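Observations on chain architecture
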2 protein chains.
Amino acid sequence: MLDPFIFVVGKHSMYQLYYWPGLPGCGEFIRLVLEHAKVAYEDIGLRQGFEPIVAMKQTIAGFAPPYFVHGETTLAQMPAICMYLGQRHGLCPADHGDSTRVLQLLLTISDTLSEIHDLHHPLSIAKTYEQQKDAALQCAQEFHQNRLQQWITFYSKLLIEQNWLVRNNLSVADLALFQLVSGIEYAFPTAFIKLISPELLQHQAHTRRLQPLKNYLNSSRRQPFNETGIFRHYKELDLA
Amino acid sequence: MLDPFIFVVGKHSMYQLYYWPGLPGCGEFIRLVLEHAKVAYEDIGLRQGFEPIVAMKQTIAGFAPPYFVHGETTLAQMPAICMYLGQRHGLCPADHGDSTRVLQLLLTISDTLSEIHDLHHPLSIAKTYEQQKDAALQCAQEFHQNRLQQWITFYSKLLIEQNWLVRNNLSVADLALFQLVSGIEYAFPTAFIKLISPELLQHQAHTRRLQPLKNYLNSSRRQPFNETGIFRHYKELDLA
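Residues numbered from 1 in each chain as written. Chains lettered and ligands numbered in written order. Predicted model: local features only at pLDDT ≥ 70, side-chain atom pairs only at ≥ 80, totals over all residues.

1. Describing the overall build of chain A
Note the cut-off: Here a strand is any run of E in DSSP of at least two residues, a helix any run of H or I of at least four, and the numbering for each starts at the N terminus. Radius of gyration here uses only the C-alpha atoms, and the compact-globule reference equals 2.2 Å multiplied by the residue count raised to the power 0.38. Using C-beta atoms placed from the backbone, we call a residue buried if 20 or more other C-beta atoms fall within 10 Å of its own, exposed if 12 or fewer do, and partly exposed for counts in between. With C-beta atoms placed from the backbone, a contact is any residue pair whose C-beta atoms sit within 7 Å.
From N to C terminus, chain A includes ten helices and four strands. Counting helices and strands in the order they occur from the N terminus, chain A gives β-α-β-α-α-β-β-α-α-α-α-α-α-α. Its C-alpha atoms give chain A a radius of gyration of 18 Å, within 12% of the compact-globule value 18 Å for 240 residues. A burial count over chain A gives 44% of its 240 residues as buried. Long-range pairs, those at least 24 residues apart, make up 70% of the contacts in chain A between residues at least 6 apart in sequence.

2. Brief notes about the sheet that holds strand 2 (residues 41-43) of chain A
All names here are of chain A. Filter applied, for reference: Any two strands between which DSSP finds at least two bridges are classified as paired. As a rule, the C-alpha atoms of each element are fitted with a line to give its axis, helices using only the stretch in contact, and angles between N-to-C directions run from 0 to 180 degrees.
Taking strand neighbours across the sheet as the criterion, the four strands line up as 2-1-3-4 in an open arrangement whose pairing is mixed. Both edges of this open sheet fall to strand 2 and strand 4 (73-76), since each of them pairs with a single strand only. Across the sheet, the axes of successive neighbouring strands diverge by a mean angle of 15 degrees, strand direction being ignored. With four bridges connecting them, strand 1 (residues 15-18) and strand 3 (residues 67-70) associate as antiparallel partners. Within strand 3, the residue paired with Leu-17 across the bridge is Phe-68.

3. Quick look at the interface of chain B and chain A
What counts is decided by this rule: The residue classification treats Ala, Val, Leu, Ile, Met, Phe, Trp, Tyr, Cys and Pro as nonpolar and Asp, Glu, Lys and Arg as charged. All others, Gly included, are polar.
At the interface, 33 residues of chain B touch 33 residues of chain A. Per element, the largest residue contribution to the side of chain B that touches chain A is nine residues, and it comes from helix 5 (residues 96-120) of chain B. Taken together, the residues that form the side of chain B that touches chain A break down as 17 nonpolar, 13 polar and three charged.

4. Observations concerning the pairing of strand 4 (residues 73-76) of chain B
All names here are of chain B. Pairing geometry for strand 3 (residues 67-70) and strand 4, over four bridges, is antiparallel. Paired with Phe-68 across the bridge in strand 4 is Leu-75. The turn linking strand 3 back onto strand 4 is made up of two residues, and Gly-71 within it adopts a positive phi angle of 60 degrees.

5. Focus: the nonpolar core
In plain terms, the rule: Joining buried Ala, Val, Leu, Ile, Met, Phe, Trp, Tyr and Cys residues through C-beta atoms within 7 Å gives a set, and that set is a nonpolar core.
Ranked by size, the top nonpolar core spans 135 residues in total, and within it Cys82(A), Leu106(A), Val172(A), Cys82(B), Leu106(B) and Val172(B) carry the most contacts. Each residue touching Leu106(B), except ones within four places of it in the same chain, is listed here: Pro79(B), Cys82(B), Met83(B), Val172(B), Ala173(B) and Ala176(B).

6. Topic: the pairing of strand 1 of chain A
Inspection of the sheet shows strand 1 of chain A paired to strand 2 of chain A by three bridges, in the parallel sense. Bridging from a neighbouring strand, Tyr15(A) pairs with Tyr41(A) of strand 2 of chain A.

7. Section: helix 4 (residues 78-88) of chain B
Two residues of an α-helix separated by three or four positions point the same way, owing to the 3.6 residues in each turn. Taken across its eleven residues, helix 4 of chain B has ten buried, putting it largely inside the fold. Each element contacted by the buried residues of helix 4 of chain B is listed here: helix 5 (96-120) of chain A together with helix 1 (27-37), strand 3, strand 4, helix 5 and helix 7 (172-187) of chain B. Downstream of helix 4 of chain B by one or two residues, Gly90(B) has phi in the positive range, about 70 degrees.

8. Quick word on helix 1 of chain B
Residue and element names in this part refer to chain B. Summarising burial for helix 1: eleven of the eleven residues are buried, a large majority. Taken together, the buried positions of helix 1 are occupied by Gly-27, Glu-28, Phe-29, Ile-30, Arg-31, Leu-32, Val-33, Leu-34, Glu-35, His-36 and Ala-37. Those residues of helix 1 that are buried are in contact with strand 1 (15-18), strand 2 (41-43), strand 3, helix 4, helix 7 and helix 10 (213-217). Just past helix 1, the residue Lys-38 takes up positive phi, approximately 55 degrees.

9. Notes on the relation of the copies chain B and chain A
The condition that has to hold: The atoms used to superpose the copies are C-alpha atoms, taken from residues with pLDDT of at least 70 in both, and the fit is least squares.
You can overlay chain B on chain A at an RMSD of 0.0 Å; the transform is a turn of 180 degrees with a shift of 0.0 Å along its axis. The relationship between the two copies is best expressed as a two-fold rotation axis. Among all residues of chain B, the one whose C-alpha sits closest to the rotation axis is Pro122(B), at a distance of 3.1 Å. Comparing interface residues between copies, 100% of those in chain B also lie at the interface in chain A; the contact surface is shared.

10. Looking at the domain arrangement of chain A
Residues and elements named next belong to chain A. Note the cut-off: An automatic or database domain assignment supplies the residue ranges for each domain.
If you check the domain split of chain A, you get domain 1 (4-88) and domain 2 (96-237). In this complex, domain 1 contributes 17 residues to the contact, which on the side of domain 2 involves 21 residues. Of all the secondary structure elements, the ones that give two or more residues to the side of domain 1 that touches domain 2 are helix 1 (27-37) and helix 4 (78-88).

11. Quick notes on the environment of Lys38(B)
Residue and element names in this part refer to chain B. Structurally, Lys-38 can be placed in the loop between helix 1 and strand 2. According to the C-beta neighbour criterion, Lys-38 is partly exposed, with 14 such atoms within 10 Å. Put simply, Lys-38 and Leu-213 are 175 residues apart on the chain and 8.5 Å apart in space, counted from C-alpha to C-alpha.

12. Here's the deal with the sheet that holds strand 3 of chain B
Strand pairing in a sheet relies on backbone hydrogen bonds, with the paired strands running either antiparallel or parallel. Residue and element names in this part refer to chain B. With respect to topology, four strands assemble into an open sheet ordered 2-1-3-4, the strand pairing being mixed. This sheet does not close on itself; its edge strands, each paired only once, are strand 2 and strand 4. Across the sheet, the mean angle from the axis of one strand to that of its neighbour is 15 degrees, orientation sign disregarded.

13. Thoughts on the packing of helix 7 of chain B against helix 9 (residues 198-209) of chain B
Helix packing for two helices is described by the angle between their axes and how far apart those axes are. All names here are of chain B. Inclusion rule: Should an angle lie under 35 degrees it is considered roughly parallel, over 145 roughly antiparallel, and from 65 to 115 roughly perpendicular; all remaining angles are considered oblique. For a crossing to be left-handed, the near helix must be turned anticlockwise from the far one by less than a right angle; the clockwise case is right-handed.
Running from N to C, helix 7 and helix 9 point in directions that differ by 115 degrees, and their axes come no closer than 10 Å. With respect to helix 9, the element helix 7 is oriented roughly perpendicular. The interaxial crossing formed by helix 7 with helix 9 has left-handed handedness. Facing helix 7, whose interface residues are Asp-174, Leu-175, Leu-177, Phe-178 and Val-181, helix 9 presents Leu-200, His-203, Gln-204 and Thr-207. For the contact of helix 7 with helix 9, the residue count by class is five nonpolar, three polar and one charged.

14. Quick notes on unusual backbone geometry
Residue and element names in this part refer to chain A. Looking along the chain, the bond that leaves Gln-211 and enters Pro-212 is cis, with omega of 5 degrees. Here Pro-212 shows up in the loop between helix 9 (198-209) and helix 10 (213-217). Even without a glycine there, the phi angle at Asn-168 is positive, about 55 degrees. If you trace the backbone, Asn-168 turns up in the loop between helix 6 (133-158) and helix 7 (172-187). Take Asn-168: there are 10 C-beta atoms within 10 Å of it, and that puts it in the exposed class.

As structure tokens, this is what we get:
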């Protein structure tokens, strides 16, 4: 379902991404798809700051960014936007069952992201990390005792006999898994070294070598993780 | 994309749903689609108990139930299964942008569900509610002060000028919204009376009148909410 139009739009891209500037967050999962599909897009938040994002929220495109605009289609929710782009740009299988399986994995990755986000914000997103640090420390303990290992085992099993998650074909689920594992390495370096599997390390290496993704990852457009996003490195929330 | 085969399979259904018996939970969102689409399905957990669900988990169909089997397609994640069925049985638009919009809303409903689940389990799903009641009370306060009103406003705005969420056509997103709002009414009756909007009340009434859904809702197959699912009525977590 590749649309040839996208290759001729030049600077006036048909795609617009709205996401908070200053953090990779959920927006980065969409950027990886856009960059690897090599399609032109406007990164509105990075170019114009917060204002247009807040304005877009008023049009009730979605409950929270990222937002995505393509002609008359306005979308929110990272996995939905990744599916939309994957289906248009050859990063999602044509078969209905297989493509739903890609969606399933995007949703599981999204669940893992929520769990990691809620480690530093277990009680309320309206409060700072420091205001809920005691609860965060309790959550982190459970996460390192059980959950992180369970997540790693789940994704690793899918990669035992293949390089890519669904039918051994690269899909948007693989790009999302790459970003998830990269974030875990940033946020919990000690736990990462102790728990990460050979399958996931190999999947990271394979993804990193993909072109044109590799060019993007090595460019200044690739934003580093920091302590305002989903993946935050607080030493006390890592394994001791 | 209605598959005529489904109407001739009789007792030997082509669809199998695997979900914990004894609670509506996430499985009920899928049952609403199956029942309204009037397709035959086997409700494995209800008929055979826990064992086959645990066995299915071993086949790494997904991180957690509900699981869904259709021939060689094995799926997990409630929104993915609802999309799969919606696209097969006329409960999802054919247009790619509109169908992704339905997915987006399913994901937003799923986020609301997670937030409501985490009210009674803010710190760990490995602990009981009683073991994390203090944190739960803090979460509930924030939920009633801000979040519940925000969610209600978001869904209500989408229904100001139409009966159904996307292009005024009934979709799986409407069935999911119905179940979400029903659950909120059960879990937080005082907050519900105070905060619910005319748009959502009307959407509930319209959905309840749909046939064949109405037959299901009035049947003994429809499972009541209780304190083992997502929506739990703990008086102390409702508005005072």
